[in-house]
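Next come the chains, spelled out residue by residue.
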Amino acid sequence: MSVTPWLTLALTPGLGTGNLELLLDHFGSAAGILAARPKEWQALGVNEKLCAALSNPDAEPLRGQLAACERWLDDSGHHFLHWEDSRFPELLRVTGQAPAGLFVTGNPDLLSMPQLAIVGSRSATPGGIEIARQFAAHLAQAGLTITSGLAKGIDAAAHQGALDADGTTIAVCGTGPDIIYPAGNQNLAQRISATGALVTEFPPGTPARRHQFPRRNRLISGLALGTLVVEAGTRSGSLITARYSGEQGRDIFAIPGSIHSPLSKGCHQLIRQGAKLVETASDIIE
């Protein structure tokens, strides 16, 4: 099956999950959606701006983006998973927040394996980093794939803990698959892609932009059975991941800390809101 129709839909601006589900249910396939006429889309309630985008897939910049995606996919280690691909992770699909496609570097089959997300502060304490490493290693040895966001601090420690325990880990990125952010995690990203996977919904060439990281966070939680927050302030992006996890019907875990530490306040807030307090990795496994 050609991925070009799905790449086209993934690159179409304004095509959210709701519209995609509506169109796919009616037309049966990505190719069927693109073969339809504007009045058929409009009859389903699709707005004029989206109809214009769908009716002109050869327009720039979409044509250039499509060519960049196809060049990126020439590498055998690069993959594009879409809704009609059996490898697309069902746990993400059922959230109602899944993108049209995922760009994957590494092992695409890993996305459907049982996962636990571990997230936390970029400015983590040495103690928090060690806790993240230990939890990730223990849980990876128990058979869970560790999923995180490749950020500095807790995210990087979680990935490293899983790798050091010869486990598997997935990094969900907020940039295109050809851009590693932060650049200082380039070596870590290479280690992850060798045995695990780097995943993003953003096409090649997409740089780091602030608004993309909350979108990334919904994928981190949507891929996983639950989310563990190790250290987080009250304004931490990790709390966004935890909120998504709750909305998606997944478990939320939090590690308590000192009442004097600003990086404990986000975790304590989650616990007050119903997150499971954990002190050992065994608490999560149980």
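Colleague: Talk me through the overall build of the chain; I want residue IDs and the actual numbers.
Modeller: Along the backbone of the chain there are 14 helices and 9 strands. At 19 Å, the chain has a C-alpha radius of gyration in line with the 19 Å of a compact globule built from 286 residues. Among the 286 residues that make up the chain, the fraction classed as buried is 53%. Long-range pairs, those at least 24 residues apart, make up 71% of the contacts in the chain with a sequence separation of at least 6. On the chain, roughly 12700 Å² of surface is accessible, and the fraction owed to carbon and sulfur atoms is 50%. Of the charged side chains in the chain, 22 are positive and 25 negative, and the gap between their average positions amounts to 9 Å.

Colleague: An account of empty space enclosed by the protein is requested, with residue identities and associated values reported.
Modeller: Throughout the structure, instances matching the rule amount to 2 cavities of 30 Å³ or more. For the largest cavity, the calculated volume is near 40 Å³. Lining of the largest cavity is provided by Thr105, Cys173, Thr175, Gly176, Pro177, Ile179, Ile180, Leu198, Val199 and Thr200. The dominant element in the lining of the largest cavity, judged by the number of residues it contributes, is strand β6 (residues 197–200), at 3 residues. Its residues assigned to classes, the lining of the largest cavity comprises 6 nonpolar, 4 polar and no charged. Space inside the second largest cavity adds up to approximately 40 Å³. Taken together, Arg122, Gly149, Ala151, Val172, Cys173, Gly174, Tyr181, Pro182, Phe213 and Arg216 make up the lining of the second largest cavity.

Colleague: Run through unusual backbone geometry, naming residues and quoting values.
Modeller: Residues apart from glycine generally show negative phi values, whereas peptide bonds are mostly found in trans. For the bond from Tyr181 to Pro182, the omega torsion is -5°, close enough to zero to count as cis. Tracing the chain through its elements places Pro182 in the loop between β5 (169–172) and α10 (186–195). Of note in the backbone geometry, Leu150 takes a positive phi value of approximately 65° without being a glycine. Mapped onto the fold, Leu150 is located in the loop between β4 (145–148) and α9 (154–164). Since its relative accessible area comes to 0%, Leu150 is described here as buried. With a phi angle near 60°, Asp166 is a residue other than glycine that sits in the positive phi range. Topologically, Asp166 is positioned in the loop between α9 and β5.

Colleague: Provide a residue-level description of the pairing of strand β7 (residues 226–229), including the pertinent values.
Modeller: Burial along β7 is two-sided: the face carrying Gly226 and Leu228 and the face carrying Thr227 and Val229 are both buried. Where strand β3 (residues 115–119) and β7 come together, 4 bridges link them in parallel fashion. Note on β7: the bridge partner recorded for Leu116 is Gly226. Both β7 and strand β8 (residues 251–254) contribute to a ladder of 4 bridges, which runs parallel. Bridging from a neighbouring strand, Val229 pairs with Ala254 of β8.

Colleague: Could you give me a rundown of the nonpolar core, with the residues and numbers involved?
Modeller: Ranked by internal contacts, the top residues of the largest apolar core, which has 52 residues, are Trp6, Trp41 and Leu111. Residues within four places of Trp6 in sequence aside, it is in contact with Leu20, Leu24, Ala30, Phe80, His82, Trp83, Glu84 and Ala100. Judged by nonpolar contacts, the second largest core, of 21 residues, contains Leu116, Leu139, Ala140 and Ala157.

Colleague: Residue-level account of the environment of Pro38, with values.
Modeller: Position of Pro38 relative to the elements: it lies in helix α4 (residues 38–43). Overall, the relative accessible area of 34% leaves Pro38 in the partly exposed class. In this structure the C-alpha to C-alpha distance between Pro38 and Leu50, which are 12 residues apart in sequence, comes to 9.5 Å. In this view, Pro38 contacts Cys51 and Ser55; residues no more than four positions away in its chain are not counted.

Colleague: Requested: an account of helix α13 (residues 262–272), with residues and values cited.
Modeller: Those residues of α13 that sit buried are Leu263, Ser264, Gly266, Cys267, His268 and Leu270. The secondary structure elements touched by the buried residues of α13 are β7, α12 (237–247) and β8.

Colleague: Please give an account of the packing of α9 against α10 that cites residues and values.
Modeller: Running from N to C, α9 and α10 cross one another at 45°; their axes reach a closest spacing of 11 Å. Taken together, the axes of α9 and α10 are oblique relative to one another. In this structure, α9 crosses over α10, and the sense of that crossing is left-handed. For the pair α9 and α10, the contacting residues are Ala156, His159, Gln160, Leu163 and Asp164 in the first and Leu188, Arg191, Ile192 and Thr195 in the second. Considering only residue class, the contact of α9 with α10 consists of 4 nonpolar, 3 polar and 2 charged.

Calculation rules
- Residues numbered from 1 in each chain as written.
- Predicted model: local features only at pLDDT ≥ 70, side-chain atom pairs only at ≥ 80, totals over all residues.
- Heavy atoms only, no water.
- Helix = DSSP H or I, 4+ residues; strand = E, 2+ residues; numbered from the N terminus.
- Rg over C-alpha atoms; globule rule 2.2 N^0.38 Å.
- Buried < 20%, exposed > 50% of the residue type's maximum accessible area, 1.4 Å probe, protein only.
- Contact = heavy atoms within 4.5 Å.
- Areas by Shrake-Rupley, 256 points an atom, 1.4 Å probe, with all protein chains shown as cover.
- Lys, Arg positive; Asp, Glu negative; His and termini not counted.
- Charge placed at Lys NZ, Arg CZ, Asp CG, Glu CD.
- 1 Å grid on protein atoms, 1.4 Å probe; cavity = no way out; pocket = protein on both sides within 12 Å on 5 of 7 lines; lining within 4 Å.
- Points joined across faces, edges and corners; volume = space filled by probe spheres on them.
- Nonpolar A, V, L, I, M, F, W, Y, C, P; charged D, E, K, R; others polar.
- Pairing = 2+ DSSP bridges.
- Core = buried A, V, L, I, M, F, W, Y, C linked by side-chain atoms within 4.5 Å.
- Axes fitted to C-alpha atoms, helices over the stretch in contact; angles between N-to-C directions.
- Parallel < 35°, antiparallel > 145°, perpendicular 65-115°, else oblique.
- Left-handed = near helix turned anticlockwise from the far one by under 90°.

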